[in-house]
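Chain and residue survey
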Amino acid sequence: MLGTRGLDHLRRARETTHNHKKMGDSIQLKDEGNQHFQSGDTDKAIECYSKAIKACKDKKVLAIIYRNRSACYLKKENFAIAASDASKAIDVDAADIKALYRRCQALEKLGKLDMAFKDVQRCATIEPKNKTFLETLRRLGADIQSKLKSTFSTDSRVQNMFDILLDDEMEKDKREKAANNLIVLSREDAGAERIFENNGVPLLLNMMETGKPEMILAAVRTLSGMCTGHKARAMAIIHMVGVDKMCSIMAVDNEEIALATCNLFQCINDSLTGGDKREYGKEEALVLDSSKDLKTILLSLVEMVASKKVSGHGRDQALNLLIKNVPRKNIKKNNDNSKSLFTIDHGLKKILKVCGQVPELPDQLPLTDNTQLIASVLLTKIYDDLTCDPERDNFRDICDEYIKSKIDPNDMDKTIHAINTISGLLQGPFDVGNALVGRQGIMEMMVALCGSEREVDQMVAVEALIHSSSKMSRASFIITNGVSLLKDIYKKTTNEKIKIRSLVGLCKLGSAGGDDYALRQFAEGSTEKLAKQCRKWLCNPKIDTRTRKWAIEGLAYLTNDADVKDDFVEDEAALKAMFELAKSKDKTIIYSVACTLVNCTNCYEKKDIIPELVQLAKFSKQHVPEQHPKDKKDFIEKRVKRLLKAGIISALAVMVKADSSILTNHTKEMLSRVFLALSLDPKDRGTIVAQGGGKALIPLALEGTDAGKTKASHAIAKIAAISNPEIAFPGERVYEVVRPLVSLLQTDKDGLQNFEALRGLTNLAGYSEKLRVKIVKEKALPEIENYMFEDHDQIRQAATECMCNLVSCKEVQDRYLEDGNDKLKLMVLLCGEDDDDLQVAAAGALAMLTGAQKKLCHKLTLVTTQWLEILQRLCLQTIPSIQHRGIVIVYNMLNSDDSELAKKLMESELLEILSVIGKAEDNPKRQDVIDAARTCLVKAMDLGLIKPFTSLP
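Concerning the overall build of the chain
Within the chain, the regular secondary structure consists of 54 helices and zero strands. Counting every position in the chain, which comprises 953 residues, the buried fraction comes to 51%. Contacts in the chain between residues far apart in sequence, at least 24 positions, make up 68% of those at least 6 positions apart.

See the structure below:
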């Protein structure tokens, strides 16, 4: 038996053997890593080095492996790990020059110039004559000086700006310039950080305390820049400024300040809810959980909604922020509607209070013309965000309870508040409002209020009657019970405001049959009389905007009648008055204007009339819709011309810029329909472009309903097809046009939309390389290629023309170089088609492809046996443009460095064809063709395939 000493000796021997084995493994793995690195497989090299690090016990070898892995991470641009690995190598050998230089490179990329400079300085001390080290030392020294200069100048600039801004005796111009500089600086991350570090937030608070609007505005805009895309800074600013302080600033009666503060809240919200994509590393621990702050902001905004201390502009922006951030943006992807439920619990009654305000009464909340409509939009959005019947029932119950609490026969002010709240719901979640109108006693109360001696009671009741008759079922009840009442009010009242509203009620009831000529509610000529009265009020500048708005509301209903719309567009003064109102601050008017314009241009959704069904309906004595003679094509075209002449485009351009909460998706769709109707005639597209219609269409094509986006995209396609893109869509907007056009290439769009989108893309693709790259990036190529196979001649031609303009793009050429597809074959076969325009496009594309990629010249001969015959046919074409393209293809093939191919071409009939063309006398009309043929013959001579022509001119 072995003694204790013998066992220890044996154990040590085994450990030594094991360690030697491990050592061998690590060196082998290191060598494998080196081989992978040299062959360019960086990922495999990292894998080997990482295994070697785990296995290695020798410090010196371990340092080499870390140094090598650092080189891999440098190549992968993972600079933080590269620096860390190099440091581990330097810890073993402080004079490891390779590790020092690699760490220097990594630190430079990480922006740590001082540390990088120290490392390269040590390298240069060890190897003083190394040019790389000396050059890096010089460059880093210059960079550090530049950075220091920039830092100090930025710091002093920031301080200087605050000094100017907070100096009451400073000239106004200097203060304005300093404010603008501060705002611009805050929009860059480095500048924002510099302001923050230089005691910026307290100084900005001092600017707010001055109470001067321009100072408050500059401070708020600077804070917005500092909060954008930076979660940590946004969190710090919330706590330093305070949500209450921000709300009090937004509450001031200044539209610009309220809007700027709304933007600040939105920047903070975006940064705290995922707008900030940066990696914080260790600093992440400093960024606290933002949910508490977001909840505080939400609660504060809800409190602002019904606060008397808040101005109308501040209330509008609080409602807008709730619209943007409470309902889910994507219901399918996000199943959490807790913010909507929270808002219902804490704020639904407050929103209803806003809807119920009657500005004509004393002691009401400060409102703008738009506030109550924005509140109605918010109610709609929240109601639509609810996921189940119990949630919707709770919403209705709160509304019902609120209305009941306000109805008091002994207090008419409270009662009309309740009726006005119902009006708000009827303009918002209609089903909820409609259910409340149907409750026992509500409609009767509205009727009773119409007979009240107080004009404000009549006005509120008439408005409620108008809103409650938005659906045919409810309209039929009012036609039976309310028409005589409204007529009576209209005749008896001397108040213009009530007169107009009661007239609108009559207009709305009179249009209950829509554009169906056979379903008229009133006697012949009555609607024209009503419309004439509406136009008279519309053109009267003495009547206030809010009241004139109702005249347009009336026309929105009455223009269902073709006689009315025809008379209206003939009245240029009335049209211009409507367009001026559409441009006013009261944006609640936009919906009515859009409805009126949709009616005047007949661009509403029309059901296809199937003759067999019409006959069947007549046989079964069912109602058959009839078209008014003035709703035929020639009348519509005349109306479009009149609208354009009156300045419709400038009005539409202003309407599109309205606040997103008022410009609902349905309204956007109507505006898109109008734009499309206006752009049908190519002669009118120049007018649309000249008045800014092109750029106004872009937001309509990117947001809204699917139908609205399609209509706007189609209008853009019509304009893009025949206009100079630089003029139609100025500046960077031209790149935003590509996506709407590509969306029209989908198979669910109709043939005309496909065709005009292709024509628009063709025009853009011929404009610049940057636009061609954008078209490729938007994944348009597969769709365009599909349409090149289309049976429809015009669509196939448009797709081929588009591809012809795109083939100069490298990525497109690469698709033709790929094996395993028929792209080149199709292009060659299209060159053999009988359609001249198609031949021009296909031959042009082939000429460019073969000129750019010599490999395609050989590939062309393999894709189809008919290639030579097609080429000869192109060269024999009587149309010079096609013939020229064919000869250019031949030249490209001769110039492709493929001697066999060149020989084959010159042994075919092509030689005779080229000879005949080349010998022809100069002719200005065909000179390009003649010159191209001569160039081919000269090339063939250079290649030694033919002898010189003595008779060649």
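Moving on, there is more to tell.
Here we look at unusual backbone geometry
Glycine aside, negative phi is the norm for most residues, and most peptide bonds take the trans geometry. In the Ramachandran plot, aspartate 363 falls in the positive-phi region, its phi being about 60° despite a non-glycine side chain. Residue position: aspartate 363 is located in the loop between helix H17 (338–356) and helix H18 (371–384). Backbone geometry places lysine 779, a non-glycine residue, at a positive phi of 60°. Residue classification places lysine 779 among the exposed residues on the basis of a relative accessible area of 65%.

Brief notes about the environment of alanine 190
Checked against the element boundaries, alanine 190 lands in helix H9 (residues 189–197). The class of alanine 190 is exposed, set by a relative accessible area of 57%. In sequence terms alanine 190 and methionine 226 are 36 residues apart; their C-alpha atoms lie 9.8 Å from each other.

A look at empty space enclosed by the protein
The final tally for this structure, using the stated rule, is three cavities of 30 Å³ or more. If you add up the space inside the second largest cavity, you get close to 60 Å³. For the lining of the second largest cavity, the per-class residue count stands at four nonpolar, one polar and three charged.

Notes on a negative patch on the surface
Judged by side-chain charge, Glu171, Asp173, Glu176 and Glu214 come together as a negatively charged surface patch. By the element assignment, glutamate 171 lies in the loop between helix H7 (131–165) and helix H8 (172–186).

Regarding the side chain of asparagine 495
Within the element layout of this structure, asparagine 495 appears in the loop between helix H25 (483–492) and helix H26 (496–510). Judged by relative accessible area, which is 16%, asparagine 495 ranks as buried. Reaching out from asparagine 495, the side chain makes a polar contact with the side chain of glutamate 455 at a distance of 2.8 Å.

Structural notes on the packing of helix H34 (residues 648–656) against helix H35 (residues 665–678)
With their axes 11 Å apart at the nearest point, H34 and H35 run at an angle of 155° to one another. The angle between H34 and H35 places the two elements in the roughly antiparallel class. Considering how the two elements wind past one another, H34 and H35 form a crossing that is left-handed. Packed against H34, whose contacting residues are Ile648, Ile649, Leu652, Met655 and Val656, the element H35 presents Leu671, Val674, Phe675 and Leu678 at the interface.

Description of the nonpolar core
Core analysis: the largest hydrophobic core is formed by 262 residues, its most contacted members being Phe395, Leu538, Ile648, Leu652, Met803 and Tyr816. Those residues in contact with leucine 538 that lie beyond four places of it in its chain are Arg548, Ala551, Ile552, Leu555, Phe568, Ala574, Ala577, Met578 and Leu581. Ranked by size, the runner-up nonpolar core spans 35 residues in total, among them Leu29, Ile53, Ile65 and Ala99.

Details of the pattern of salt bridges
Applying the stated criterion across every chain yields a total of 46 salt bridges. Taken together, the salt bridges that share partners define one network made up of Asp189, Glu193 and Arg233.

Points about the side chain of lysine 30
As for its position among the elements, lysine 30 is in helix H1 (residues 4–38). The class of lysine 30 is buried, set by a relative accessible area of 14%.

Some details on the packing of helix H47 (residues 823–831) against helix H50 (residues 867–875)
Where H47 contacts H50, the axes come no closer than 9 Å and their chain directions differ by 45°. When the interaxial angle is binned, H47 and H50 end up oblique. H50 is crossed by H47, and the crossing has left-handed handedness. Across the interface between the two elements, Val828, Leu829 and Cys831 of H47 pack against Trp867, Ile870 and Leu874 of H50.

Some points on the packing of aromatic side chains
Scanning all chains against the criterion turns up three aromatic pairs. Ring geometry for tyrosine 101 against phenylalanine 133: centres 5.2 Å apart, planes inclined by 50°, an arrangement best described as tilted. In this pair, tyrosine 101 is assigned in helix H5 (residues 97–109) and phenylalanine 133 in helix H7, connecting sequence segments 32 residues apart. Here the aromatic rings of tyrosine 383 and phenylalanine 395 are separated by 5.0 Å at their centres, their planes lie at 55°, and the arrangement is tilted. Taken together, the positions of tyrosine 383 in helix H18 and phenylalanine 395 in helix H19 (residues 389–406) put the pair twelve residues apart, joining distant regions of the chain. Residue tyrosine 383 shares its accessibility class with phenylalanine 395, and that shared class is buried. In this structure, lysine 499 packs its charged tip against the face of tyrosine 490, placed 4.8 Å from the ring centre. Of note, lysine 638 hangs over the ring of phenylalanine 635, and the distance from its end group to the ring centre comes to 5.7 Å.

Quick look at the confidence of the model for the chain
A residue-level look at the chain finds 89% of positions with pLDDT of 70 or above and a mean pLDDT of 84. Below a pLDDT of 50 lies the segment residues 1–7, which in the model reaches one contact outside its immediate sequence neighbourhood of four places, other chains included. Counting contacts from residues 513–523, a segment whose pLDDT is below 50, to residues more than four positions away or on other chains yields 26 contacts.

Conventions and cut-offs
Residues numbered from 1 in each chain as written. Predicted model: local features only at pLDDT ≥ 70, side-chain atom pairs only at ≥ 80, totals over all residues. Heavy atoms only, no water. Helix = DSSP H or I, 4+ residues; strand = E, 2+ residues; numbered from the N terminus. Buried < 20%, exposed > 50% of the residue type's maximum accessible area, 1.4 Å probe, protein only. Contact = heavy atoms within 4.5 Å. 1 Å grid on protein atoms, 1.4 Å probe; cavity = no way out; pocket = protein on both sides within 12 Å on 5 of 7 lines; lining within 4 Å. Points joined across faces, edges and corners; volume = space filled by probe spheres on them. Nonpolar A, V, L, I, M, F, W, Y, C, P; charged D, E, K, R; others polar. Patch = residues over 30% accessible without salt bridge, like charges linked within 9 Å, V, L, I, M, F, W, Y side chains within 5 Å. Areas by Shrake-Rupley, 256 points an atom, 1.4 Å probe, with all protein chains shown as cover. Salt bridge = Lys/Arg side-chain N within 4 Å of Asp/Glu carboxyl O. Lys, Arg positive; Asp, Glu negative; His and termini not counted. Charge placed at Lys NZ, Arg CZ, Asp CG, Glu CD. Polar contact = N/O pair within 3.5 Å; in protein donor to acceptor, adjacent residues only side chain to side chain. Axes fitted to C-alpha atoms, helices over the stretch in contact; angles between N-to-C directions. Parallel < 35°, antiparallel > 145°, perpendicular 65-115°, else oblique. Left-handed = near helix turned anticlockwise from the far one by under 90°. Core = buried A, V, L, I, M, F, W, Y, C linked by side-chain atoms within 4.5 Å. Phe/Tyr/Trp six-rings, centres within 6.5 Å; stacked < 30°, edge-to-face > 60°. Lys NZ or Arg CZ within 6 Å of the ring centre and 35° of its normal. pLDDT = per-residue confidence, 0-100.

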